[in-house]
Amino acid sequence: MHGSSTDRAAPLPWNHAEARAIYDLPFNDLLFRAQTVHRRHFDPNRIQLSKLLSIKTGGCPEDCGYCSQSAHHDSGLKASKLLEVQRVIEEARQAKAGGATRYCMGAAWRSPKQRDMAMLVAMVEGVKSLGMETCMTLGMLSPQQAGTLAEAGLDYYNHNIDTSERYYPQVITTRSFAERLDTLANVREAGIKVCSGGILGLGEAVDDRIDMLVTLANLPEAPESVPINMLIPVPGTRLADAPPVDPIEFIRIIALARILMPASHVRLTAGRTAMSDETQALCFFAGANSIFVGETLLTAANPGDDKDSSLMRRLGLTAAPMEETP
């Protein structure tokens, strides 16, 4: 049984009861176990740095209850066209100069249109030529689209499952949970690494958060990157008045993600602007080892580079070189 050891002994499925028992451990025991697993797979004082750029903002037909870019919400965000390739590559060049090793490009689409594929391929090729890892998040992908991006050299594809299968319909109705998993399967089949996680603070129960992680851990291969977001309530969206997530509960989920997916990068993503330095420090101790740097995440605020570099310096953390990222 997984619950009796500090690491995954065999590729057997986790179940909810095992994961819940780990989550409910006394806090110090949980963090000690997570840090023990973390040290077995990673340098505990290295943090992978990524940069995220919105290459096409707003006007998305999906109705994700948390998202300022949904056309269903009056968030005041204006829809934009797809950015020019050279602009994206120049932004990537600046991100690399700032220490980022991975460059993530996000478009507010249900799925890419065929007419956009050539520009997306050019973006991937251009960023790769800088010596950076590439990641995209473009909505649903067909097997053919995933294959095209793989041939261009795309390293990672982000497609979050957001929450548990049970709670998912309370958040999104325009796309099913199964469709999310289909895209992850298409990406994996094409040979692209998977980046998939979720959001805390959507009104879900603790059991939904745990089930989300169990779903990811039980994929045929766990995602190489697992972003864990804390909801940033956006005025005009359905979740504008969602209550904040308890920091201790958030740290417990980070620790559980590390234990269930020992070899994955666990990324502290949206919501860091609302976290104290102490909360972030405990997240790093619990096994988080990746962050986005820069002032914005798509359309949400993010701590600036100065704040991040200051915190990393105080904690004795350094940026992971590219060869240390999976």
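Residues numbered from 1 in each chain as written. Predicted model: local features only at pLDDT ≥ 70, side-chain atom pairs only at ≥ 80, totals over all residues. Heavy atoms only, no water.

Caption draft 1: Representation of the side chain of asparagine 186 within the structure. Turning to its location among the elements, asparagine 186 is positioned in helix α7 (residues 177-189). Classification of asparagine 186 as buried rests on a relative accessible area of 19%. A distance of 2.9 Å separates a polar side-chain atom of asparagine 186 from the backbone oxygen of leucine 141. (Helix = DSSP H or I, 4+ residues; strand = E, 2+ residues; numbered from the N terminus. Buried < 20%, exposed > 50% of the residue type's maximum accessible area, 1.4 Å probe, protein only. Polar contact = N/O pair within 3.5 Å; in protein donor to acceptor, adjacent residues only side chain to side chain.)

Caption draft 2: How the structure looks around helix α4 (residues 117-128). Between the first and last C-alpha of α4 there are 16 Å, a value that for 12 residues agrees with the 16 Å anticipated at 1.5 Å per step. Where α4 is concerned, the buried positions are Met117, Leu120, Val121, Met123, Val124, Gly126 and Val127. (Expected span 1.5 Å × (residues − 1).)

Caption draft 3: Broad picture of the packing of aromatic side chains. Scanning all chains against the criterion turns up 1 aromatic pair. A cation sits over an aromatic face here: arginine 102 above tyrosine 156, 3.7 Å from the ring centre. Across from the ring centre of tyrosine 23, 5.7 Å away, lies the NZ or CZ of arginine 252, which sits over that ring. (Phe/Tyr/Trp six-rings, centres within 6.5 Å; stacked < 30°, edge-to-face > 60°. Lys NZ or Arg CZ within 6 Å of the ring centre and 35° of its normal.)

Caption draft 4: Just the confidence of the model for the protein chain, in detail. Within the protein chain, residue pLDDT values average 85, and 81% of them lie at 70 or more. Low pLDDT, under 50, characterises residues 1-6; the stretch is placed with 15 contacts to residues that sit more than four places away or in other chains. The low-confidence segment residues 296-301, where pLDDT is below 50, has 21 contacts with residues more than four positions distant or belonging to other chains. (pLDDT = per-residue confidence, 0-100. Contact = heavy atoms within 4.5 Å.)

Caption draft 5: Representation of the pairing of strand β8 (residues 265-268). The alternating pattern of β8 places His265 and Arg267 and Val266 and Leu268 on opposite faces, both of which are buried. In terms of strand pairing, β8 meets strand β9 (residues 290-292) through 2 bridges, oriented parallel. Bridge assignment links leucine 268 to a residue of β9, and that residue is isoleucine 291. As a crossover connection, the stretch from β8 through helix α10 (residues 277-285) into β9 is right-handed. (Pairing = 2+ DSSP bridges. Right-handed = clockwise from strand over helix to strand, strands pointing away.)

Caption draft 6: Molecular detail of the packing of helix α3 (residues 85-97) against α4. At a minimum axis separation of 9 Å, α3 and α4 run at an interaxial angle of 30 degrees. On the basis of the axis angle, α3 is roughly parallel to α4. In this structure, α3 meets α4 at a crossing whose hand is right-handed. Each of Val85, Val88, Ile89 and Ala92 in α3 lies in contact with α4, whose residues at this interface are Met119, Ala122, Met123, Gly126 and Val127. (Axes fitted to C-alpha atoms, helices over the stretch in contact; angles between N-to-C directions. Parallel < 35°, antiparallel > 145°, perpendicular 65-115°, else oblique. Left-handed = near helix turned anticlockwise from the far one by under 90°.)

Caption draft 7: View of helix α1 (residues 16-23). Within α1, burial applies to Glu18, Ala19, Ile22 and Tyr23. All buried residues of α1 lie within an arc of 135 degrees about the axis, which places them on one face of the element. Summarising the contacts, the buried residues of α1 are in contact with α2 (27-41), α8 (206-217) and α9 (247-260). (Arc of directions from axis to C-beta.)

Caption draft 8: Spatial organisation of the pattern of salt bridges. As enumerated under the stated definition, the model contains 16 salt bridges in all. Taking the shortest distance from any N to any O, the salt bridge between arginine 20 and aspartate 24 comes out at 3.0 Å. Relative accessible area serves as the criterion here: at 25%, arginine 20 is assigned to the partly exposed category. A salt bridge links arginine 272 to aspartate 308; its shortest N-O distance comes to 2.8 Å. With a gap of 36 residues between them, arginine 272 in the loop between β8 and α10 and aspartate 308 in helix α11 (residues 305-315) connect regions that are remote in the sequence. We classify arginine 272 as buried; its relative accessible area is 2%. Residue classification places aspartate 308 among the buried residues on the basis of a relative accessible area of 5%. What emerges from the salt-bridge pattern is a single network uniting Arg20, Asp24 and Asp207. (Salt bridge = Lys/Arg side-chain N within 4 Å of Asp/Glu carboxyl O.)

Caption draft 9: A look at the environment of valine 127. Within the secondary structure layout, valine 127 lies in helix α4. A relative accessible area of 0% means that valine 127 is categorised as buried. Excluding anything up to four places from it in sequence, valine 127 contacts Ile89, Ala92, Tyr103, Met105, Met132, Glu133 and Thr134.

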